[in-house]
Protein chains: 2
Amino acid sequence: MDSGSDEATRVAAQEDTMLKVPKGTRDYAPAETRVRQKVIDIAVKHYQRHGAVTYDTPVFEMRSLLQKEDQYGEETKLIYNLEDQGGEEYSLRYDLTVPLARYVGMNKLGEFKRYHVAKVYRRDQPAMARGRYREFYQCDFDYVGQSGLMIADSECMKIMDDIFLELDLGEFLNKVNHKVLLNGILEVCQVPADKFKTVCSSIDKLDKQPWAEVREELVKVKSIPEEAVDALHGFITLRAERPELSNAQILDTILERSSGNANIAKGVSELQTLLEYCTAYGISERISIDPSLARGLDYYTGVIFEMVITKSSFENAGPAEDGNAKKGKNKKGDKEDSNVGSVAAGGRYDGLVKSISKFDAPCVGFSLGIERIFRLVQRRDEARGLKERDTDTEVYVAVSGRKEFKDLFLQRMAICTKLWSADIKTEYAYKQKPKLLNQLQYCEQSGITTMIIIGEDEVARGVVKLRDVSSRAEEEIPVDDVVTKVLERLGRK
Amino acid sequence: MDSGSDEATRVAAQEDTMLKVPKGTRDYAPAETRVRQKVIDIAVKHYQRHGAVTYDTPVFEMRSLLQKEDQYGEETKLIYNLEDQGGEEYSLRYDLTVPLARYVGMNKLGEFKRYHVAKVYRRDQPAMARGRYREFYQCDFDYVGQSGLMIADSECMKIMDDIFLELDLGEFLNKVNHKVLLNGILEVCQVPADKFKTVCSSIDKLDKQPWAEVREELVKVKSIPEEAVDALHGFITLRAERPELSNAQILDTILERSSGNANIAKGVSELQTLLEYCTAYGISERISIDPSLARGLDYYTGVIFEMVITKSSFENAGPAEDGNAKKGKNKKGDKEDSNVGSVAAGGRYDGLVKSISKFDAPCVGFSLGIERIFRLVQRRDEARGLKERDTDTEVYVAVSGRKEFKDLFLQRMAICTKLWSADIKTEYAYKQKPKLLNQLQYCEQSGITTMIIIGEDEVARGVVKLRDVSSRAEEEIPVDDVVTKVLERLGRK
């Protein structure tokens, strides 16, 4: 075309604005996508093992649902809106929990045990090096409906435990607290009732900040009386300061100091029931009652829990640390880095469905920190020298010969067709006359263990060479035996 | 709370705007989600069998990429934009092909065989009853890179053939044409060169409109000379009017009438090669060379193909028809209804990557009409009386006893834990004292075949009842044998 160079200039100028992904998002190449899929497959297997179903909801929701007062509080500003192109106003989903509540309310579901793996969107300041993106996966399990006291709650913890045992990221603990117990403690410490929420958000920082800093914030910034703050200290540092106490003893100690507070009594009693069930499930040694766990989210009404990796299975030092942190690049406010031990969290939230619909249903569930888990799995595999393949291709059908040899496409296709029919993952070179060396190298790079090699000579004699890629051993077999011999080699027959 | 009734009024008023999904989108309940997943799994299995990898790209792209001149032509107006919230401008992806070209251009991939299953977004007039939604899945296979003539192209057709054989929706044909051949035909018929595009878009309607209507449009609306239109008729109705001709004969006939046109010669020769490879792949009897196939998309440069169901496997009359159509509700302009036979399409598009980047790479691929396939599979299963379960739960651990019986939660949990450990999908009632009848009914409704029933008597004696849900046969077994006996029943040991 005669405007070719103009066109080229225009394309080059456009490249800068077109050939990139939106800020805070990224592409995932095949090998990384496979690692991620394997992690998701583990979670889904356990969800399904417990009878959970899955469903599908739109990636955008009514804007009025997501931006409803108190739905996400200050984080409302992080919601992506769709442009008003005439009609209704929409926003990209911010999590998978509000869409669940919307679905339950719309369909008036009295009982719904579901998992959901999908992307959510937050216009947060991206921190790519630490894996914080604006588009990321969530992988949630929730049970909506009535259940005996702590029954669905303890099954959540059983599922979390099973998932992290299988993920093999290291030793872990599921830290547990109870919103009612926490309220009781705040009452006993005479924290003013209108300060509960803000005090909880300070307490929530205790796993990243020392008590002295949190105390200063409570007293100076939030104007909590010093006596209240010091009384609180006695409760919420109980787990950290008395590591020798069993979970039951922690609860007993709180109860002893409760001055007969009804909320403490209720919270302790419910957690005692939970511990009993965790014992029946065989997971109690990885449960840690911890009165300092507050969980930022306002909507929790009962038990709350947070899974932390306490000892990595692939690094020498304590909890898993972020790559940047190790390199000394950890900055102040790098909340995620110092807290990378937290890999899943959840709790009971009985009021959410009612807050958006005439229908009411109690809920309990958890969300895996799946993006964080992806990164830990990658680092573990790196530490172990494991490299993910792009594909599962089992067999490569190669062609060889001198310069003037025929392409043998028809013969290669016929062999591939036989192998595909036997459900054997097979590739062959699309080039007319590929070099044998290139085909061998492709197999080595791609982790393909078995080659079928044909040349004019083999075709004439009705045979093929069956080659082991790593040992380079070859044997000649009749072309009619290809499927049988390959299945044998793959250990599938 | 004292503002309870105010709150209730407010919630009720909000419900109308919050408790719904955006226009043209929908939720998919668990059973339907499972049907859809099974279809996707079949496609993915075949893609992987041929060595294709997958990847992940963001759901929104740079607006400049999607709204680039000539990217989507008139359909640009159907693109969803994200609101400008400060920063760059984004739009929801419209298909999976442009993101592929962007990825290939950014990463300068010389070779990339990938599949991608993901949602795309089109602000089209929704037609819910016909399954046309604004958010829908695509399920694409594409090969980017050099290949011997028709090599990657014929493998695409092999994969399509394998998928539709396994989907079992009925008899099908892959209609094939070639863009260069079509251009040659237009040249020979003396259609003005600047009218090729608009003539093709008229020809593309031939599977839904009779020739007379298309002819009128060409002559009256598009001002094509009558002689040109009639000459064209002789070529493009060749397949419809000479069903007795083999594919090779169709090509020969076109060649005979080509007056030595170079494009026709090239197109015919390439399609002859394609037919040869289709024979090697064993799929040639389901290939139909059809000069009337034009495919709307402008970017095709070589072979184009479209898979149609010619005889449904589950309905008596001809091609699969839409539910509404059968009820006589088919309206004028109901393009999809009359064309529901088309279930996949694709072709070679060698210029796309170059059009957006300095990098160049030839491409060939296809997109399954996966939403249409979902609906056909559902209707087939309905016709066959198959009902999809919500879960794969295998065993239900039930409790029975008199009114004053204990909940036996600990015992139920212990049994479930054993079964879960053996990878047996197991549920139990979350209620404290569920009625046995309700538990039995739940199993029947959910398709659970096996029950373990315990009561105080069984617990005292260290046994459980193993019950076959459909035959209602029960046997008593030691509680320690639960896993072994259940695995036996499930045929897994």
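Criteria and cut-off values
- In every chain, residue numbers begin from 1 and rise along the written sequence.
- Chains and ligands are labelled sequentially in the order written, the chains with letters from A and the ligands with numbers from 1.
- Local features are withheld for residues below a pLDDT of 70 in this predicted model, meaning they are given only at 70 or higher, and side-chain atom pairs are given and counted only at 80 or more; totals for whole chains, interfaces and linings count all residues.
- Derived side-chain values reflect all non-hydrogen atoms in the structure, with water molecules and hydrogen atoms excluded from consideration.
- UniProt positions are given in the numbering used here, feature names are shortened, and annotations may be inferred rather than shown by experiment.
- Numbering of helices and strands runs from the N terminus, with a helix taken as a DSSP run of H or I at least four residues long and a strand as a DSSP run of E at least two residues long.
- Throughout this description, buried means an accessible area under 20% of the type-specific maximum (1.4 Å probe, protein chains only), exposed means over 50%, and partly exposed covers the range between.
- Pairs of residues are marked as contacts when any of their non-hydrogen atoms sit within 4.5 Å.
- Polar contacts, as counted here, are pairs of nitrogen or oxygen atoms within 3.5 Å of one another; within protein the pair requires one atom able to donate a hydrogen and one able to accept it, and residues that are adjacent in sequence qualify only if both atoms are side-chain atoms.
- In summary, the pairing rule links any two rings of Phe, Tyr or Trp, Trp by its six-membered ring, whose centres are within 6.5 Å, and it sorts them by plane angle into stacked for under 30 degrees, edge-to-face for over 60 and tilted for everything else.
- When DSSP finds two or more bridges between a pair of strands, those strands are recorded as paired.
- A fitted line through C-alpha atoms serves as each axis, taken over the contacting stretch for helices, and the angle formed by two N-to-C directions is quoted from 0 to 180°.
- The term buried area denotes the loss of accessible surface (1.4 Å probe radius) that occurs when two parts are joined, taken as the sum for both partners.
- By definition, a salt bridge exists where a carboxyl oxygen of Asp or Glu is found within 4 Å of a side-chain nitrogen of Lys or Arg.
- Polar here means any residue other than Ala, Val, Leu, Ile, Met, Phe, Trp, Tyr, Cys and Pro, which are nonpolar, and Asp, Glu, Lys and Arg, which are charged; Gly is therefore polar.
- Throughout, the arc means that of the directions going from the helix axis to the C-beta atoms.
- For this overlay, a least-squares fit was computed on C-alpha atoms, restricted to residues scoring pLDDT of at least 70 in both copies.
- Helix crossings are classified by the rotation of the near helix relative to the far one: an anticlockwise turn of less than a right angle makes the crossing left-handed, while a clockwise turn makes it right-handed.
- For classification purposes, an angle smaller than 35 degrees is called roughly parallel, one larger than 145 roughly antiparallel, one from 65 to 115 roughly perpendicular, and anything else oblique.

Residue and element names in this part refer to chain A. The sites that carry the UniProt feature "binding site: L-histidine" (unreviewed entry) are, in the present numbering, D95, L96, T97, R122, Q138, D142, R295, Y299 and Y300. Summarising the element assignment, Q138 is placed in strand β5 (residues 135-144). By relative accessible area, which is 11% here, Q138 ends up buried. Non-local contacts of Q138, meaning those with residues more than four positions away in its chain, are made with D95, L96, H116, V117, A118, V120, R122, S367 and I370. Side-chain polar atoms of Q138 contact the backbone nitrogen of L96, separated by 3.4 Å. Among the secondary structure elements, D142 is positioned in strand β5. Overall, the relative accessible area of 3% leaves D142 in the buried class.

The next subject is the packing of aromatic side chains. Taken as a whole and assessed by the stated rule, the structure comprises 40 aromatic pairs over all chains. When the ring of Y143 of chain A is compared with that of Y430 of chain B, the centres are 4.5 Å apart and the planes differ by 75°; the resulting orientation is edge-to-face. Of this pair, Y143 of chain A sits in strand β5 while Y430 of chain B sits in the loop between β12 (426-428) and α18 (436-446), on two different chains. You'll find Y143 of chain A and Y430 of chain B in the same group, each marked buried. Taken together, the aromatic side chains of Y143 and Y277 of chain A together with F409, Y428 and Y430 of chain B make up a single cluster linked through ring pairs.

Working definition: the strands of a sheet are paired by backbone hydrogen bonds and lie parallel or antiparallel to each other. Residue and element names in this part refer to chain A. Spatial strand order, β1-β4-β5-β10-β9-β8-β6-β7: eight strands in an open sheet with mixed pairing. In the strand order of this sheet, the two ends are held by β1 (53-54) and β7 (287-289), each with one partner. Where β1 and strand β4 (residues 112-121) come together, two bridges link them in parallel fashion. Counterpart to T54 in the pairing with β4 is Y115.

Locating E83 of chain B in the fold gives a position in the loop between α3 (63-66) and β3 (90-92). Linking E83 of chain B and L206 of chain B, residues 123 residues apart in sequence, is a C-alpha distance of 40 Å. Leave out the neighbours within four places in its chain, and E83 of chain B touches R63, N81, L82 and E83 of chain A. For E83 of chain B, the side chain forms a polar contact with the side chain of R63 of chain A, separated by 3.3 Å.

All names here are of chain B. On the basis of which strands lie adjacent, the open sheet formed by eight strands has the order β1-β4-β5-β10-β9-β8-β6-β7 and mixed pairing. A strand with exactly one partner marks an edge of an open sheet, and here the two such strands are β1 (53-54) and β7 (287-289). With 11 bridges connecting them, strand β4 (residues 111-121) and strand β5 (residues 135-145) associate as antiparallel partners. When the bridges of β5 are listed, V117 appears paired with C139. Contacts from helix α5 (residues 151-167) reach β4, β5, β6 (170-178), β7, β8 (303-312), β9 (342-348) and β10 (363-368) within the one sheet, and its direction differs from that of β10 by about 15°.

A few words now on the interface of chain B and chain A. The partner chain A presents 94 residues to the 94 residues of chain B that form the contact. For the pair chain B and chain A, the two sides together bury roughly 8,500 Å², of which 59% comes from carbon and sulfur. By the criterion of area lost to chain A, the three top residues of chain B are R49, W420 and Y430 of chain B, representing 10% of everything that side buries. The interface formed by chain B and chain A contains 10 salt bridges. K20 of chain A serves as the salt-bridge partner of E88 of chain B, at 3.2 Å between the closest nitrogen and oxygen. The interface formed by chain B and chain A includes 40 residue pairs in polar contact (both at pLDDT 80 or more). Of the residues assigned to the side of chain B that touches chain A, the class counts are 43 nonpolar, 24 polar and 27 charged.

Residue and element names in this part refer to chain B. Buried within helix α20 (residues 482-489) we find V482, V486 and L487. Burial along α20 is one-sided: seen end-on, the buried residues are contained in an arc of 120°. Its buried side turned inward, α20 meets β11 (395-399), α17 (409-421), β13 (450-454), β14 (463-468) and β15 (474-478). Looking one or two residues beyond α20, the residue adopting positive phi is G491, at roughly 70°.

Okay, the relation of the copies chain B and chain A next. When chain B is fitted to chain A, the best match, at an RMSD of 0.1 Å, comes from turning it 180° and sliding it 0.0 Å along the axis. The superposition operator between the copies reduces to a two-fold rotation axis. Of the interface residues in chain B, 100% have counterparts in chain A that sit at the interface too, so the contact is made through matching surfaces.

Let us look at the packing of helix α8 (residues 211-221) of chain A against helix α9 (residues 226-236) of chain A. The description of two packed helices rests on the angle between their axes and on the distance between the axes. Residues and elements named next belong to chain A. Here α8 crosses α9 at 145°, and the two axes come no closer than 10 Å. The crossing of α8 and α9 is right-handed. Of the residues in α9, those in contact with W211, R215, L218 and V219 of α8 are E226, V229, D230, L232, H233 and I236. In terms of residue class, the contact of α8 with α9 is built from six nonpolar, one polar and three charged.

Below, the discussion takes up the packing of helix α17 (residues 409-421) of chain A against helix α20 (residues 482-489) of chain A. All names here are of chain A. Their axes nearest at 10 Å, the elements α17 and α20 cross at an angle of 55°. The orientation of α17 with respect to α20, classified from their angle, is oblique. In this structure, the crossing between α17 and α20 has a hand that is right-handed. Two secondary-structure elements touch here, α17 through I415, K418 and L419 and α20 through V482, V483 and V486.

Time to look at the pattern of salt bridges. Here the idea is simple: oppositely charged side chains can pair when their charged atoms come close. Residue and element names in this part refer to chain A. Scanning the model with the defined rule gives 76 salt bridges over all chains in all. As a salt-bridge pair, R36 and E371 come within 3.0 Å of each other at their nearest N and O atoms. Taken together, the positions of R36 in helix α2 (residues 30-49) and E371 in helix α16 (residues 370-383) put the pair 335 residues apart, joining distant regions of the chain. A salt bridge links E217 to K222; its shortest N-O distance comes to 3.5 Å. Given the relative accessible area of 14%, K222 is considered buried. Overlapping salt bridges, with partners in common, bring together R34, K38, E388 and D392 in one network.

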